[in-house]
Amino acid sequence: MKFIHISDLHIGKRVNEKSLIDEQTHILNQICDITDAQRPDAVLIAGDVYDKAVPSGEAVLLFDDFLTRISSLCGHIFIISGNHDSAERMAFGARLMHRSGIHFSPVYNGSNVPVTISDEYGDVDIYMLPYIRPASVRHFLPDEEKVDIRSYDDAVRKAVEMMDVDPTRRNVLITHQFVTGALRSESEDVNVGGLDNVDASTFDIFDYTALGHLHRPQDCGDKRIRYSGSPLKYSFSEVNDSKTVSLITLKEKGNIEREFVPLVPLHDWHDLRGTYDQLTSRDFYNGKTWTEDFVRITLTDE
């Protein structure tokens, strides 16, 4: 079973009031090309499709075009809502699109029925858990159990427990949370004091956990638990990051292979620091032309 794992598209995002729609169109076209070349069984989109809960018409049209193109290149698409998305708006029409192999996570309601797809090794159960807070889970518990849900870790653990996952089967989870110890960047929403931490052991029962929320591609102590990262750089803290598409292949249970396909932005980001004379010297740039790129300049003199 071959999956493409992406997340944190943040369609409609603006940086210093500059629209990134051209950058996003370019990178989504690349993802379509990679999907066409790889022909995966499914594409997993782990939340933050949009940058705002009420996206612009331009953003919605771009995602609609992307979804239409990519749905012709694979059998299934799984999409969950992130903390930037409106879960209700993302779930609109989900039951209709489910018939076409496009699966949106519903608004969290305390139950979670997997979508099962099959290959030569048997069935794979795919669970979708959108971004949740402790209150999201408490709402669906009896009063005597509500008091046990005090943190995000408690909430996600309880949500996973309520899935009643069969450990003898191959299981995949798509979710959007902050795993303890993962590396953040400046473009993410941060809860002061790490209140939103979820321990990686929460996901031990899954053969692969496709994470969204953090923009830096990274494993979480185990190659079975991974943030794909955002497909574009959205802050200068990501200047040195390499953006990729995660290509995941599940074989028999316990056997997983991974490949990371690089993404090339329309315009790159650069963080420059030096004196006025240094930064206005052509020699400083070693022949590189960055006139259309995103550049932050820090002057060290007056």
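Here we summarise the structure given alongside this text. Since the structure is predicted, the reported quantities are computational estimates derived from the model, not experimental observations.

**Re the packing of helix α1 (residues 21–38) against helix α2 (residues 57–71)**
No. 1: For the pair α1 and α2, interaxial distance at closest approach is 10 Å and the crossing angle is 10°. It follows that α1 is roughly parallel to α2 by the angle criterion. Where α1 approaches α2, its residues Ile21, Gln24, Thr25, Leu28, Asn29, Ile31, Cys32, Asp33 and Thr35 are matched on the opposing element by Glu58, Ala59, Leu62, Phe66, Arg69 and Ile70.
No. 2: When its residues are assigned to classes, the contact of α1 with α2 shows eight nonpolar, four polar and three charged.

**Structural notes on α1**
No. 1: Taking 1.5 Å of rise per residue, the 18 residues of α1 would be expected to cover 26 Å, and the 25 Å separating its terminal C-alpha atoms lies within 8% of that figure.
No. 2: Every buried residue of α1 is accounted for by Ile21, Glu23, Gln24, Ile27, Leu28, Gln30, Ile31, Cys32, Ile34 and Thr35.
No. 3: One or two steps after α1, the chain reaches Arg39, where phi turns positive at roughly 45°.

**Thoughts on the sheet that holds strand β12 (residues 208–212)**
No. 1: The strand order across the open sheet formed by six strands is β7-β8-β9-β12-β14-β13, and the pairing between neighbours is mixed. The open sheet has two edge strands with one neighbour each: β7 (115–119) and β13 (218–219).

**A look at the pattern of salt bridges**
No. 1: For the coordinates displayed, the defined rule picks out 19 salt bridges.
No. 2: Among the ionic pairs, Arg39 bridges to Asp36, the shortest N-O distance being 2.7 Å.
No. 3: Here Arg39 falls in the partly exposed class, since its relative accessible area comes to 46%.
No. 4: Residues Arg170 and Asp119 are paired through a salt bridge, measuring 2.6 Å at the closest nitrogen-oxygen approach.

**A look at the packing of aromatic side chains**
No. 1: Applying the stated criterion across every chain, the model contains eight aromatic pairs.
No. 2: Aromatic pair Trp269 and Phe294: ring centres 5.0 Å apart, planes at 25°, arrangement stacked. Of the two residues, Trp269 is situated in strand β17 (residues 269–274) and Phe294 in strand β18 (residues 294–299); the sequence distance between them amounts to 25 residues. Assigned by exposure class, Trp269 and Phe294 land together as buried.
No. 3: Consider the rings of Phe284 and Tyr285, whose centres lie 5.1 Å apart with planes at 75°: the pair is edge-to-face.
No. 4: Three or more aromatic residues joined by ring pairs form one cluster here, namely Tyr50, Phe63 and Phe66.
No. 5: The ring of Tyr234 carries the charged tip of Lys13 above its face, separated from the ring centre by 5.7 Å.
No. 6: Sitting over the ring of Phe260, Arg226 keeps its end group 4.0 Å from the ring centre.

**Looking at the nonpolar core**
No. 1: If you look at the biggest cluster of nonpolar residues, it comprises 39 residues, and the most contacted ones within it are Ile6, Ile11, Ile45, Phe63, Phe66 and Ile79.
No. 2: Listed by contribution, the elements that provide at least two residues to this core are β1 (2–6), α1, β4 (42–46), α2, β5 (76–80), β6 (102–104) and β15 (244–250).
No. 3: Discounting chain neighbours no more than four positions away, the residues touching Phe66 are Ile6, Leu9, Leu28, Ile31, Cys32 and Ile45.
No. 4: Counting residues in each nonpolar core, the second largest holds 28 residues, with Val137, Leu141, Ala155 and Met163 among its members.

About the cut-offs
Starting from 1, residues in each chain are numbered consecutively following that chain's sequence as written. Where totals are concerned, whole chains, interfaces and linings use all residues; where local detail is concerned, this predicted model gives features only for residues with pLDDT of at least 70, and gives and counts side-chain atom pairs only at 80 or more. Excluded from the side-chain calculation are hydrogens and water; included are all heavy atoms of the structure. Under this scheme, a helix contributes an axis fitted over its contacting stretch, all axes are lines through C-alpha atoms, and angles between N-to-C directions fall in the 0 to 180 degree range. A helix here means a DSSP run of H or I that spans at least four residues, while a strand means a run of E at least two residues long, and both kinds are numbered starting from the N terminus. With respect to orientation, any angle under 35 degrees is reported as roughly parallel, any angle over 145 as roughly antiparallel, any angle of 65 to 115 as roughly perpendicular, and every other angle as oblique. We call two residues in contact whenever any of their non-hydrogen atoms come within 4.5 Å of each other. Each residue is assigned to one of three groups, with Ala, Val, Leu, Ile, Met, Phe, Trp, Tyr, Cys and Pro labelled nonpolar, Asp, Glu, Lys and Arg labelled charged, and all others, Gly among them, labelled polar. A helix is expected to span 1.5 Å multiplied by its residue count minus one. A 1.4 Å probe rolled over the protein chains alone gives each residue an accessible area, and that area as a share of the maximum for its type sets the label: buried under 20%, exposed over 50%, partly exposed in between. What makes two strands pair is DSSP finding at least two bridges between them. The salt bridge criterion pairs a side-chain nitrogen of Lys or Arg with a carboxyl oxygen of Asp or Glu, the two atoms within 4 Å. For Phe, Tyr and Trp, where Trp contributes only its six-membered ring, two rings pair if their centres lie within 6.5 Å, and the inter-plane angle classes them as stacked under 30 degrees, edge-to-face over 60, or tilted in between. Charge-over-ring contacts are defined here by two conditions on Lys NZ or Arg CZ: a distance within 6 Å of the ring centre and an angle within 35 degrees of the ring normal. Among buried residues, those of type Ala, Val, Leu, Ile, Met, Phe, Trp, Tyr and Cys that are joined through side-chain atoms within 4.5 Å constitute a nonpolar core.

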